[in-house]
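Residues per chain, in single letters:
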Amino acid sequence: MTKTTSLDKNKIRILLLEGVHQSAVEHFKSAGYTNIEYLTTSLSGEALHEKLRDAHFVGIRSRTQLDDAAFEAAEKLNAVGCFCIGTNQVDLTAALKRGIPVFNAPYSNTRSVAELVLAEAICLARRVAEKNARAHRGEWDKSAAKSHEVRGKTLGLVGYGSIGSQLSVLAEALGMNVIYYDIITKLDLGNAHQVESLDELLSKSDIVSLHVPETPQTQWMIGRDELAKMKKDAILINASRGTVVDIEALEEALESGHLLGAAVDVFPVEPKSNKEAFESPLRRFDNVILTPHIGGSTMEAQENIGLEVAEKLVTYSDNGTTLSSVNFPEVALPAHPDRHRLLHIHTNVPGVLSEINRVLSEANINISAQYLQTNADVGYVVIDVDKAYGPKALEALRQVPNTLRVRVLYS
Ligand SMILES: NC(=O)C1=CN([C@@H]2O[C@H](COP(=O)(O)OP(=O)(O)OC[C@H]3O[C@@H](n4cnc5c(N)ncnc54)[C@H](O)[C@@H]3O)[C@@H](O)[C@H]2O)C=CC1
Ligand SMILES: O=C(O)CCC(=O)C(=O)O
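Scoring rules and cut-offs
- Residues numbered from 1 in each chain as written.
- Chains lettered and ligands numbered in written order.
- Predicted model: local features only at pLDDT ≥ 70, side-chain atom pairs only at ≥ 80, totals over all residues.
- UniProt positions renumbered as here; feature names shortened; annotations may be inferred.
- Helix = DSSP H or I, 4+ residues; strand = E, 2+ residues; numbered from the N terminus.
- Buried ≥ 20, exposed ≤ 12 C-beta atoms within 10 Å, placed from the backbone.
- Contact = placed C-beta atoms within 7 Å.
- Pairing = 2+ DSSP bridges.
- Axes fitted to C-alpha atoms, helices over the stretch in contact; angles between N-to-C directions.
- Near = placed C-beta within 6 Å.
- Nonpolar A, V, L, I, M, F, W, Y, C, P; charged D, E, K, R; others polar.
- Core = buried A, V, L, I, M, F, W, Y, C linked by C-beta atoms within 7 Å.
- Domains from an automatic or database assignment.
- Right-handed = clockwise from strand over helix to strand, strands pointing away.

In the nomenclature of an unreviewed UniProt entry, the protein chain corresponds to D-3-phosphoglycerate dehydrogenase from the organism Zymobacter palmae. UniProt, in the comment section headed Function (unreviewed entry), describes the protein chain in these words: "Catalyzes the reversible oxidation of 3-phospho-D-glycerate to 3-phosphonooxypyruvate, the first step of the phosphorylated L-serine biosynthesis pathway. Also catalyzes the reversible oxidation of 2-hydroxyglutarate to 2-oxoglutarate." UniProt, in its Sequence similarities (unreviewed entry) section for the protein chain, records the words "Belongs to the D-isomer specific 2-hydroxyacid dehydrogenase family."

Written out as C-alpha cells, the structure is:
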C-alpha cells in the first residue's frame, strides 16, 4: 500500500528511545517540532510496535531492534535516526523496501571509544584490573610480575576505520608499534602498517583490539582457533560488537591462562535497560575489565550525536535531503522557498520517472525543479511545484505504479 504523509510540523510525532541526549530534543524544538515523546529505555515486542504505530520519526541507540515486524507496525514512519555508529540493530532492507531512510552518527563517538580502549590497554598491561579487584577485597599485591609498559609493545587493530585509525595515532604517541588488518587497503597513519591476514596480526600483537562492524563476515570472527593464535600473555579488547567474539572460547582462553587479560564492552546479549541484571561467564575473572557498552558514552560524544542525528532527521523532514543515509539513495537538496516539495519513493524499475512526468503533465502541473537518485532497489524523486499544485500533485503521484511512499513538504 502506498504511504502518504502530508502534515504540519506540530503534528509530526517524534519518538526518542534509549535516553538520547537532550541536545536532540532541543534541536527538534528549535526547528519547530514540538510533538516529541522521550523515553530513557529501549522497547521491544508489542510495546515497541504500539509506540511506533503513530510515530513519523524514531530515534534509537544500539539496544532497540527495528526488524521487519517493527517496520510493519510503523505505518507512518518516515525515517529512523540511530544515535550511534552501528546500524546492525536495524533491518536496513526492511526499511528500504518501505521507503524509509536510516541515518546514523558515523564519527561523533569515535574518539571516546579510542580513548577508552587505550586506557584499558594500559590498565591490562599493568594488571590494574586484577590488583584493583584484590585491593577491594583487602588484599595487598605489590608485585611487578607480568606488568609491562605499553611503550614498545605491538598493538594489533582489527578494522582500521574511524576508531581503529584514531587509536593507531594515539597509541603511536605512547611509543607503541601499530599493525592492523582490514579487508580494504587503507592509508597507513604514522608508522602503522597493514598486515596481510588476521592470523598474522594475531600472532604478532601483544594487544589485539577489535574495531569492525557487525556483518556476516565478522560474526564470531574471534573464536577458539583465533585466540589460540594469539601470543601467550597477550590481551584482547572488544569494543566493537558482542557477536564478534565467541565468549565461551574467550572464557577458556582466560581460564587456561593463555591470555593475560581482556576488556569487553559489548556482549552477544545485553540488558535492555539499567534495571536488568547483567549475566556473563566473564564476570568471575579479575583480569577482565567489563563495561556496560559505554565505549561511546561520554557527555561530549552524546551531545554531538544528539545534534548530528537530530539535524539529519530535521533536514530530511524539512527538505528531503538524504545525504549520509546508510540505506537510501543520497540526495543533497537546496531549500524550496515558495514551493511545495513532493517526495516520491519507488521500487527501482524502468519507466517510473517517465510515468511520474506523464501523470503530472496530464494533471497540467508545472514542475519547477526535479531531482532523481537511485540505488539498486529504490528510486527517490524530488519534485518542486507551485504551491497551488501541492495537493493535486500528491494525488497524481499516488497513482504511479511501483510507488512505495509519497510525501509533500510545505515551504
Ligand atoms: N562500544 C561502543 O560503544 C561503540 C562501538 N562501535 C562499534 O565499532 C565499530 C567500528 O566503528 P568505526 O571504526 O567507526 O567503523 P568504520 O566503518 O569507520 O570502520 C570499520 C572498519 O572495519 C573494516 N572491516 C569490515 N569488515 C571487516 C572484516 N571482516 N575484517 C577486517 N576488517 C573489516 C572496514 O573496512 C572498516 O575499515 C562500529 O561498527 C560499531 O559496531 C562504535 C561506536 C561505539
Ligand atoms: O551508545 C550507544 O548507544 C551505542 C554506541 C555504539 O555501539 C555505536 O555507536 O555503534
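Q: What exactly am I supposed to notice about the overall build of the protein chain here?
A: Check the secondary structure of the protein chain and you find 13 helices and 17 strands. For the protein chain, with 411 residues in total, the buried portion stands at 44%. Taking as baseline every contact in the protein chain between residues at least 6 positions apart, the subset at least 24 positions apart corresponds to 67%.

Q: Before we go on, may I ask you to explain the sheet that holds strand β13 (residues 288–290) in this structure?
A: Adjacent strands of a sheet form backbone hydrogen bonds with each other and so pair up, either parallel or antiparallel. Overall, parallel pairing links the seven strands, which are arranged β9-β8-β7-β10-β11-β12-β13 in an open sheet. Each edge of the open sheet is held by one strand with a lone partner, namely β9 (193–194) and β13. Bridge count for strand β7 (residues 154–158) against strand β10 (residues 207–210) is four bridges, and the pairing is parallel. Residue pairing in the sheet places Val-158 in a bridge with Leu-210 of β10. Along the sheet, helix α7 (residues 162–173) contacts β7, β8 (177–181) and β10; its crossing angle with β8, the most-contacted strand, is approximately 165°. Those strands touched by helix α10 (residues 247–255) are β11 (234–238), β12 (259–264) and β13, and its axis lies near 145° from that of β12.

Q: Can you walk me through the site of ligand 1 in this structure?
A: In the region of ligand 1, 31 residues are neighbours, and Gly-159, Gly-161, Ile-163, Pro-213 and Gly-295 sit closest. Elements represented by at least two residues in the shell around ligand 1 include exactly α5 (110–125) and α7. Classifying every residue of the shell around ligand 1 gives 12 nonpolar, 15 polar and four charged.

Q: Please clarify how the site of ligand 2 should be interpreted in this entry.
A: Neighbouring ligand 2 are the residues Arg-61, Ser-62, Cys-84, Ile-85, Gly-86, Asn-109, Gly-296 and Ser-297. Split by residue class, the shell around ligand 2 holds two nonpolar, five polar and one charged.

Q: How should the nonpolar core be read in this particular structure?
A: Residues Val-80, Phe-83 and Ala-393 are the most contacted members of the largest nonpolar core, which totals 66 residues. When residues in this core are grouped by element, the largest group, seven residues, is from helix α11 (residues 299–319). If you count residues domain by domain, this core takes at least three from each of domain 1 (1–104 + 298–328) and domain 3 (331–410). Ignoring sequence-local partners within four residues, the contact set of Phe-83 consists of Val-20, Ala-24, Gly-59, Ile-60, Arg-61, Ala-105, Ile-305, Gly-306 and Val-309. Counting 53 residues, the second largest nonpolar core, distinct from the first, contains Leu-167, Val-178, Met-221 and Ile-289.

Q: Can you help me understand the sheet that holds strand β5 (residues 79–82) in this one?
A: Pairing is parallel across the open sheet formed by five strands, whose spatial order is β3-β2-β4-β5-β6. Two strands in the sheet have a free side with no partner beyond their single neighbour: β3 (36–38) and β6 (102–103). Summarising the sheet, strand β2 (residues 14–16) and strand β4 (residues 57–60) pair through three bridges and their orientation is parallel. Residue pairing in the sheet places Ile-14 in a bridge with Phe-57 of β4.

Q: It is not clear to me how unusual backbone geometry should be interpreted in this structure. Could you clarify?
A: One can expect most non-glycine residues to show negative phi and most peptide bonds to be in trans. Positive phi is not limited to glycine here, since Lys-146 has a value of about 60°. Of note, Lys-146 is situated in the loop between α6 (128–136) and β7. On the neighbour-count criterion, Lys-146 (13 C-beta atoms within 10 Å) is partly exposed. At Asn-402, a residue that is not glycine, the phi angle is positive and equals roughly 70°. One can find Asn-402 in the loop between α13 (390–398) and β17 (403–409). Using a count of 15 C-beta atoms within 10 Å as the deciding quantity, one classes Asn-402 as partly exposed.

Q: Is there a simple way to think about the pairing of β10 in this case?
A: Burial of the side chains of β10 extends over both faces: Ile-207 and Ser-209 are buried on one face and Val-208 and Leu-210 on the other. Summarising the sheet, β10 and β11 pair through four bridges and their orientation is parallel. For Leu-210, the partnering residue across the bridge sits in β11 and is Asn-238. Taking the sense of rotation as the criterion, the β-α-β connection linking β10, helix α9 (residues 224–229) and β11 turns out right-handed.

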